[in-house]
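The lines below spell out each chain.
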Amino acid sequence: MAETQDLEQNPVVSKLRAWDPQAVAETHEFRGELTIVVPREQLRRAAEFLHGDPESQFAYLSDITAVDRFPVEPRFELNYHLLSIPHRARLRLKVRVGGSDPVVDSVNAVWPAANWHEREIFDLFGVRFEGHPDLRRILMPEDWEGHPLRKDYPVEGFR
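Please read all numbers here as calculations on a predicted model, not as lab measurements.

1. Thoughts on the packing of helix α2 (residues 11-19) against helix α3 (residues 43-52)
And step 1. For the pair α2 and α3, the least separation of the axes is 11 Å and the interaxial angle reads 125 degrees. Between α2 and α3, the crossing angle belongs to the class labelled oblique. Read as a crossing pair, α2 and α3 show a hand that is right-handed. Note on element contacts: α3 touches α2 through Arg45, Ala46, Phe49 and Leu50, opposite Val12, Lys15, Leu16 and Trp19.
And step 2. Here the contact of α2 with α3 is composed, by residue class, of 6 nonpolar, no polar and 2 charged.

Written out as structure tokens, the structure is:
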């Protein structure tokens, strides 16, 4: 894993820090892929900046994944996998969300592809996306209780 100091020279990191120093909590690089940890309060603004900045052009959201780190807090990690086609660059934005208040802003208005990804994470992990236009279950039946990919969900389900 690359040292955080080395990553300060990365053009995406330095541009994001210059725009708003609070938008970057940590940086990591593994196997050539950059990860920027963004505070959850800054996610939507950082997403809008990275999408609209002509020097970055991260216009393609390929995936959003979630990780339940139970019993560690913050409990959830959301990973946004971005691609800048003109620059042939990949970027992962990581946001940590606490288990007692699993809410983060939706990025659906920035990347419409986020719609079903956010619904899936809501359905399976219980993370709510503030401002999502249609946040409801997508895989489980509407009357299903709980969120089956949480680590504290019973292996045999609720009886």
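2. Considering the pairing of strand β5 (residues 89-97)
And step 1. As judged from the 4 bridges shared by strand β2 (residues 33-37) and β5, these two strands associate in the parallel manner. In the sheet register, Leu34 faces β5, and the bridge partner there is Leu91.
And step 2. Sheet analysis places strand β4 (residues 76-84) next to β5, joined by 9 bridges and oriented antiparallel. By the bridge assignment for β5, His81 is matched with Arg92.
And step 3. Where β4 folds back onto β5 in an antiparallel hairpin, the turn is made up of 4 residues, including Arg88, whose phi is positive at roughly 50 degrees.

3. Brief notes about the sheet that holds strand β3 (residues 60-68)
And step 1. Strands sit in the order β1-β2-β5-β4-β3 across an open sheet of 5 strands; the sheet is mixed. Each edge of the open sheet is held by one strand with a lone partner, namely β1 (26-30) and β3. Strand-to-strand twist of the sheet, defined as the mean angle between neighbouring strand axes without regard to direction, takes the value 20 degrees.
And step 2. Bridge count for β1 against β2 is 5 bridges, and the pairing is antiparallel. Pairing of Glu29 across the sheet is with Leu34, part of β2.
And step 3. Most of the contacts of helix α4 (residues 114-125) go to β3, to which it runs at about 10 degrees, and overall it touches β3 and β4.

Analysis parameters
- Residues numbered from 1 in each chain as written.
- Predicted model: local features only at pLDDT ≥ 70, side-chain atom pairs only at ≥ 80, totals over all residues.
- Heavy atoms only, no water.
- Axes fitted to C-alpha atoms, helices over the stretch in contact; angles between N-to-C directions.
- Helix = DSSP H or I, 4+ residues; strand = E, 2+ residues; numbered from the N terminus.
- Parallel < 35°, antiparallel > 145°, perpendicular 65-115°, else oblique.
- Left-handed = near helix turned anticlockwise from the far one by under 90°.
- Contact = heavy atoms within 4.5 Å.
- Nonpolar A, V, L, I, M, F, W, Y, C, P; charged D, E, K, R; others polar.
- Pairing = 2+ DSSP bridges.

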